[in-house]
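Examination of the molecular architecture
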Amino acid sequence: MDHEQDYVIEMLHITKEFPGIKANDDITLQLRRGEIHALLGENGAGKSTLMSVLFGLYQPEAGEIRKDGKPVKITNPNDATALHIGMVHQHFKLIEVFTVLDNIILGAEDTRLGFVQRRDARKKVEELSKRYGLAVDLDAKVEDITVGMQQRVEILKMLYRENEILIFDEPTAVLTPQEITELMHIMKGLASEGKSILFISHKLNEIMEVSDRVTVLRKGRYIGTVNTAETTPSELSRMMVGHDVQLVVDKTPAKPGKTVLKVENLHVPSHLYKHDAVKGVSFEVRQGEIVCIAGIDGNGQSELVFGLSGLEKCSGGKIEINGVDITHAPIRKRSEAGISHIPEDRHKHGLVLDFSLEQNMVLQAFEEPRFQHLGFIKFGDVRKYTERLIEEYDIRSGQGPITTARSMSGGNQQKAIVAREIDRDLPLMLAVQPTRGLDVGAIENIHRQIVAQRDAGKAVLLVSLELDEVMNLSDRILVMYEGEIVGEMDPKKTTVEELGLYMAGAKRQDRQKEARA
Amino acid sequence: MKKESFWDKTATRSVLASLVAILTGMVAGGLIILIVGLTNPTLGIKGAWEGIRLVAAGLFSTGRGSAGELTFGFNPTSFGNMLFRAMPLVMTGLSVALGNKAGLFNIGAPGQFLAGTAASLSVALSVPTSVLPAWLIWILAFLAGMIAGACWGAIPGLLKAFLNINEVLACIMTNWIAANLVTWFFDVSNLKNALEGTKSGYIYKTSTILNDVVIDGVSSTVGAAVPEGAQMVATRGGVATGKMGLDALFGGSQINGGILVAILIAVVIYILLSKTTLGYQLKACGANRYAARYAGIRDKRNIVLTMALAGALSAAGAALYYLSGNTEFFWNTYQSLPSEGFNGIPVALLAINNPIGVIFSAVFMSMLQICGQKLTELTAYNEYITNVIIAVIVYLSAFMLVIKMWIGKLRSGKAVKK
Amino acid sequence: MPFLIRQTLVYAVPLMLVALAGVFAERSGIINLALEGIMIFGAFMGVLFVRFVQQWGWFQAAYDAKNYLALQGFCTLAILFAAACGAVFSLLLAFAAINLKADQTIGGTALNLLAPALVLFFIRILANQNTLNMYTGDAASWFMLKKAMFGYGRTQQMGFLGSTFVDKVYVATYICILVFVVMSVVLYKTRFGLRLRSCGENPQASASLGINVIKMRYAGTVLSGALAGMGGFVYVLTTANCSANGDVAGFGFLALAVMIFGNWKPLNICGAALLFGLFKCIAASYSTLDINGDGVYMLKNLNINTNIYRMLPYVITLVVLAFTSKSSRAPKAEGIPYDPGKR
């Protein structure tokens, strides 16, 4: 081991097991003082587990943590705080109804006789905010400020606690490109002030831009640590995934037919804020094509789907399916008009987790004559139907049709939903992040099913956050930014970089002008 | 697929968990009796021992022997009364269980019970038997009760579905409103019992024969015996549930055919919940309201429907109870709510919301009440100890899942040892 | 008019105190449906305390010597005792909800069933009837402030303020107001209050900042129990002549409605409680209510049935909830058991 170096934190040979899985297997990570150290790995590579160990949320089975060369024990977040370790979590740990100031001081309040000394705290936070260029409105409530400002609040929380080691867990996932640039700038500034930064990401370009060194994990194992200056994105990519895999979907060119879904100037209100989340969106989806809505999370894609499926009332505009106006139709009517829907959240919307698999398979169809007679469910037919779907779509479960949905694996839950929605054989399919959180095998399977639907003449509207999926699967791409469609492009004629510019709002087409032309 | 052993089945574990709850409740009740006995010189350890025996086996109590000792044996009257009292509890238990299945905590059963009481009593006592036969009036009164209960139950349902008001709070408020409304309704009605002298706070029993007569130009109501010279206007009352031979089995008790009606309704609800599309919808809404909405199930309609059905069930319990013929209703109820309503909660929870299970847990609850009654009659203790036991059972029901997990662990621990 | 204000306060003050009890529990993340039961229990224990202590000689001596200070001190002690008992009783809810991750609605309902059952069981054994009274005397003469204490004669008037806020007013009412103010300040201005509120909104965030969520939720629930127990005793002291009968007629649930109507904020709750207190007061004493002091009982002369007045508070509650529920914002994490493993 290199003892010449000034390591501020060392995690040596960390092993952490969960029932059935070794999340961290002999992982070593050494952080130098004042460096930005990237931790790279795919979803499920063990990054978050390793950070949770460092933060005292999990206890490792084996391994040692050293601070300034001395072994330390971290059993809860308080220990981590005492060692001046702070973390910006992927999902912000903020109290929405509190003010920014209260959020910053929470847990580290200065008190006199038990009373919180907000005036002193305000002075301190204002100083920090000026010094590091972190502009925040201290009296605004967190629920009213932008995601970017929320992240600055999280950073200020760490600085207020005088943390020396700052962990950023996937900090750019929810940010716009401008905000990402700003964050990179802030991180560099923090490092030059002597803070040591751990930057967790799976985005290579960000890592190349900001980090000094990179440690790569794969499937819970330590792959290696390299100096950023001496490596290339393709080398990092190979370390991250193991071999050159590219998710390429075999598909023939689309042969679009007549229009199935027609959306005109659609407005959908937002759940969180008082304005519309979808602001005047117009587009069409035709038979035999996959149209993909791309964009950074939170730009109105979810609300657009809610508006189309009827889960949310539209505040304006018009939706037509095969020429029938369904703008104000209830969900069941839309479903009958021809919409099947693979929902974004399979646990909230897709399944009744406490129902058995067979009960879930007829969630919409139970009132059709094939499954009921005079209001009595035909259990035999439901069983037979489920068994057929299990067979056809390779849904694996412990006890077949009577397995409780809750006890099935995520991949098989999703397969069940996909099977149910495809088998309803309707002209339009809404598929929202259909492969989220699944392994490669399951992803391929579902991609194949979606392409097969297209080839069978169905119209598919796909919403995805994964650029690979967007580029590989779609026949047409619509980019959403802040509730509007800002660009329409052909995946064969565009690049990921160009797509990124649209998603970031840096570029936009005047679609109306084009439509007129 | 591996076949599950009997002890690993969810159903077995559920029953075991309920038994644990019952046992804990009984032990808690016994302990309180013991402590009170030991600290109270007039009771002492002997009194406490008597109390504990009555709590455990009051159903078999036959009073005191010649030497003043407690005697036990088969007591047909107690058995009959147990089944009679179980009758309304089955119905309110079904009411709460149905709500729970659909994800709604129906704590409004007391109010619905009162609504049913008012409607069925007023129909039974005001439709003249000279116009319609008594059995038809019984049916009309029963239906009127159910309709009134359904309407009353639908109110919190509507408030929940369309204004998102917590159903628990809405139910509590409608309970107290019902208590005052029913008091007011009977206060201004002519159904108050004035025939039996001091019984002015009561409504006529439905079996009482009432004759509306005109004597010397003045209208009045008299009993079965019509004075000479009175001009008959109408005969009312005389409505009572048929005994169906059950009184022969359980001599001296209040039992009647109503218990059979209650069991029949429980079976109907069981079929409704487990075999029909309606039951499927209600359960889907209860288990995951979002998924139900996603699937196009009309969740708001189902909330209202569930509460209306639950209200009808509670009210049917009231109708069965008060149409028995010889039960009396104290109309001035504005400051207390009928315990049959609240006891529907433990009945449903103990049965883990299974309609067939509700029959058994209702019988158990009414057995406890008989025990409490014996305790009051025979010792210095009182019947409220049974309510303590019931409360402890409800308390344990709140973490039934944890208890089931413990049972599972106990079981797997044994398996490892083998 | 002084009578109306005085009586309104009698109902409004325990109401807002118990509503604040609900706030403490819910803001820490626990739905306290057991307020009603805790009130019943607190009321019983308070009366029991008064009854026991009255049996000691010095009490009668203090009364005979017109030592009002000692009597009021004694009353305050009883209030504190009721609060302590309420806190202990609420531990049952805390244990089930926090340690066993129980269904909080059912847990609360269990306590609502348990309290009257236990209380009536003991009352029957102690008093051989369904009501437990004081050992001696009646509430009015023992614990009220009276003009005689300030040297006013029988025929002398104290003026509007005096006869509204001093004469025939319970010191307990002012103690409750004081506690209400202090606890509201605790909730908003102290470190404890800040941390408590964070646990009801986002306990995972609180835990990540080193706050002990379990401890905070226990604190919230137990404080809630103390306030509700106190409110329960003050309620029976001021409205039921200091007697307990295992019932507070849905007052705890009204407090919950006041809490929701007040949007979980003390100042709004204060206003809501005054409104509800007014209706409760009208319901209880409309027939002797002389609003403008001209000797005419206006409400009684309207000839509306008593029961209409009696159900008024409950009807108003529903109507008010119907209008406010859309805009009300409950603590985000209330009712959800805290699971440290979940992130």
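Small disclaimer: the values here were computed from a predicted structure and weren't measured. Sequence order as written defines residue numbering, which begins from 1 separately in each chain. For naming, the first written chain is A and the first written ligand is 1, with later ones following in the order written. For a predicted model such as this one, the threshold for reporting local features is a pLDDT of at least 70, and the threshold for listing and counting side-chain atom pairs is 80 or more; totals across whole chains, interfaces and linings nevertheless cover every residue.

**A look at the overall build of chain A**
Worth spelling out the cut-off: Where helices and strands are cited, they refer to DSSP runs of H or I of at least four residues and of E of at least two residues respectively, numbered from the N terminus. In this description the radius of gyration comes from C-alpha coordinates, and the expected globular size is given by 2.2 Å times residues to the power 0.38. Partly exposed residues are those falling between the two cut-offs: more than 12 but fewer than 20 other C-beta atoms within 10 Å of their own, whereas 20 or more means buried and 12 or fewer means exposed, with C-beta atoms placed from the backbone. In this description, a residue-residue contact is defined by the distance between C-beta atoms placed from the backbone, which must lie within 7 Å.
Each helix and strand counted, chain A has 18 helices and 24 strands in total. For 517 residues, the compact-globule estimate of 2.2 N^0.38 gives 24 Å, and the C-alpha radius of gyration of chain A, at 25 Å, lies within 12% of that figure. With the C-alpha coordinates of chain A rotated into their principal frame, the extents come out at 75 × 55 × 50 Å. By residue count, 44% of the 517 residues in chain A fall in the buried class. Partitioning the intrachain contacts of chain A with sequence separation of at least 6 by distance along the chain shows that 66% fall at a separation of at least 24.

**Some remarks on the overall build of chain B**
Regarding its fold elements, chain B presents 15 helices and seven strands. At 24 Å, chain B has a C-alpha radius of gyration in line with the 22 Å of a compact globule built from 418 residues. Reported as C-alpha extents along the three principal axes, the dimensions of chain B are approximately 90 × 70 × 40 Å. The proportion of buried residues among the 418 residues of chain B is 54%. Taking the intrachain contacts of chain B between residues at least 6 apart in sequence as the baseline, contacts between residues at least 24 apart amount to 72%.

**Observations concerning the interface of chain C and chain B**
How large an interface is tends to be reported as the accessible area lost when its parts come together. What counts is decided by this rule: Residue classes follow a fixed rule: Ala, Val, Leu, Ile, Met, Phe, Trp, Tyr, Cys and Pro count as nonpolar, while Asp, Glu, Lys and Arg count as charged, and any other residue, Gly among them, counts as polar.
Across the boundary between the two partners, chain C contributes 38 residues, which contact 38 residues of chain B. Those elements that place two or more of their residues in the side of chain C that touches chain B are α5 (104-127), α12 (251-261) and α15 (306-324) of chain C. Among the elements that take part in the side of chain C that touches chain B, α5 of chain C stands out by supplying 13 residues, more than any other. Residues of the side of chain C that touches chain B, tallied by class, amount to 24 nonpolar, eight polar and six charged.

**Here's the deal with the packing of helix α4 (residues 68-99) of chain C against α5 of chain C**
Residues and elements named next belong to chain C. Operational definition: Axis definition: a line fitted to C-alpha atoms, over the contacting stretch in the case of helices. Angles run 0 to 180 degrees between N-to-C directions. Should an angle lie under 35 degrees it is considered roughly parallel, over 145 roughly antiparallel, and from 65 to 115 roughly perpendicular; all remaining angles are considered oblique. Each crossing gets its hand from how the near helix is turned against the far one by less than a right angle, where anticlockwise is left-handed and clockwise is right-handed.
For the pair α4 and α5, the least separation of the axes is 10 Å and the interaxial angle reads 160 degrees. For the element pair α4 / α5, the angle class is roughly antiparallel. In the packing of α4 onto α5, the handedness of the crossing is right-handed. Between α4, through Leu92, Leu93, Ala96 and Ala97, and α5, the contact on the second element is made entirely by Gln104, Gly107, Gly108 and Leu111. Residue composition of the contact of α4 with α5, by class: five nonpolar, three polar and no charged.

**With respect to the interface of chain A and chain C**
In this complex, chain A contributes 17 residues to the contact, which on the side of chain C involves 15 residues. In terms of residue count, the dominant contributor to the side of chain A that touches chain C is helix α2 (residues 77-82) of chain A (three residues). For the side of chain A that touches chain C, the class distribution of residues is seven nonpolar, six polar and four charged.

**Notes on the domain arrangement of chain A**
How we decide: The split into domains, and so the bounds of each, comes from an automatic or database assignment of domains.
When its domains are assigned, chain A resolves into domain 1 (7-241), domain 2 (246-338 + 427-517) and domain 3 (347-425). Distance between the C-alpha centres of domain 1 of chain A and domain 3 of chain A: 42 Å.

**A short note on the sheet that holds strand β5 (residues 218-222) of chain B**
Residues and elements named next belong to chain B. Quick note on the threshold: At least two DSSP bridges between two strands are needed for those strands to be called paired.
Strand order in the open sheet formed by three strands is β5-β4-β6, with antiparallel pairing between adjacent strands. Across the chains shown, the open sheet's two edge strands, defined by having one partner strand only, are β5 and β6 (231-237). Within this sheet the neighbouring strands show an average axis-to-axis angle of 20 degrees, counted without direction. Direction of pairing for strand β4 (residues 209-215) relative to β5: antiparallel, over a ladder of five bridges. Bridge assignment links Asn211 to a residue of β5, and that residue is Val222.

**Some words on helix α13 (residues 379-393) of chain A**
All names here are of chain A. Under the convention used in this document: To estimate the expected span of a helix, count its residues, drop one, and scale the result by 1.5 Å. Taken from the helix axis, the directions to the C-beta atoms give the arc we talk about.
End to end, α13 covers 21 Å across 15 residues, agreeing with the expected 21 Å (1.5 Å per residue, within 8%). Where α13 is concerned, the buried positions are Val382, Tyr385, Thr386, Leu389 and Ile390. Projected down its long axis, α13 shows its buried positions confined to an angular sector of 140 degrees, all on one face. Of the residues in α13, the exposed ones pointing more than 90 degrees away from the buried face are Gly380, Lys384, Glu391 and Glu392. Packed against the buried residues of α13 are α12 (357-361), β20 (376-377) and α14 (410-423). One or two positions beyond α13, positive phi appears at Asp394, with a value near 55 degrees.

**Comments concerning the pairing of strand β1 (residues 61-64) of chain B**
A regular strand places its side chains on the two faces of the sheet in alternate fashion. All names here are of chain B. Relative to strand β2 (residues 70-72), β1 runs antiparallel, the two sharing two bridges. From the neighbouring strand, Ser61 faces β2, where its bridge partner is Phe72. Connecting the antiparallel pair β1 and β2 is a turn made up of five residues, with Gly68 showing a positive phi of about 85 degrees.

**Concerning the environment of Ala248 of chain B**
Residue and element names in this part refer to chain B. With respect to the helices and strands, the residue Ala248 is situated in helix α7 (residues 246-249). Assessed through the 9 C-beta atoms surrounding it within 10 Å, Ala248 is described here as exposed. Along the sequence, Ala248 and Gly80 sit 168 residues apart, while their C-alpha atoms lie 10.0 Å from each other.

**Structural notes on the nonpolar core**
In plain terms, the rule: In this usage, the nonpolar core is the set of buried Ala, Val, Leu, Ile, Met, Phe, Trp, Tyr and Cys residues whose C-beta atoms join them within 7 Å.
Of all hydrophobic cores here, the largest spans 328 residues; its most connected members are Leu15, Met16 and Val258 of chain C. Considering every element that reaches this core, the biggest residue donor is helix α11 (residues 299-322) of chain B, with 16 residues. Counting residues in each nonpolar core, the second largest holds 74 residues, with Leu40, Leu101 and Ala191 of chain A together with Leu194 of chain C among its members.

**Observations concerning the pairing of strand β23 (residues 476-481) of chain A**
Residues and elements named next belong to chain A. Burial runs high along β23: five of the six residues are buried. Bridge count between strand β15 (residues 289-294) and β23: four bridges; the pairing is parallel. Across the sheet, Cys292 pairs through a bridge with Ile477, a residue of β23. With five bridges joining them, β23 and strand β24 (residues 484-489) adopt antiparallel strand pairing. Bridging across to β24, Met480 finds its partner in Ile485. If you look at the hairpin formed by β23 and β24, you'll find two residues sitting between the two strands, and Glu482 has a positive phi there, around 45 degrees.

**Some details on the sheet that holds β24 of chain A**
Residues and elements named next belong to chain A. Taken in spatial order, the six strands make up an open sheet running β18-β21-β22-β15-β23-β24, and their pairing is mixed. Of all the strands in the sheet, the pair left with one neighbour each is β18 (339-342) and β24. The mean inter-strand angle of the sheet, taken between neighbouring strand axes irrespective of direction, is 20 degrees.

**Let's talk about unusual backbone geometry**
Backbone geometry places Met244 of chain B, a non-glycine residue, at a positive phi of 55 degrees. If you trace the backbone, Met244 of chain B turns up in the loop between β6 and α7. Located in the positive-phi region is Trp264 of chain C, a residue other than glycine, with phi close to 65 degrees. Considering the arrangement of structural elements, one finds Trp264 of chain C in the loop between α12 and α13 (266-285). We classify Trp264 of chain C as buried; it has 24 C-beta atoms within 10 Å.

**A short note on the packing of helix α1 (residues 10-39) of chain B against helix α14 (residues 384-397) of chain B**
Residue and element names in this part refer to chain B. Taken N-terminus to C-terminus, the directions of α1 and α14 make an angle of 140 degrees; their axes are 8 Å apart at the nearest point. Our classification of the angle between α1 and α14 gives oblique. Viewed along their axes, α1 and α14 form a crossing whose handedness is right-handed. Packed against α1, whose contacting residues are Ala21, Ile22, Thr24, Gly25, Met26, Ala28, Gly29, Ile32 and Ile33, the element α14 presents Ile385, Val388, Ile389, Val392, Ile393, Leu396 and Ser397 at the interface. Per-class residue counts for the contact of α1 with α14 are twelve nonpolar, four polar and no charged.

**Digging into the environment of Asn112 of chain C**
Residues and elements named next belong to chain C. By the element assignment, Asn112 lies in helix α5. Remark: the alpha-carbon pair of Asn112 and Asn305, spanning 193 residues in sequence, is separated by 30 Å. Those residues in contact with Asn112, other than ones at most four positions away along the chain, are Leu33, Ala34, Glu36 and Gly37.

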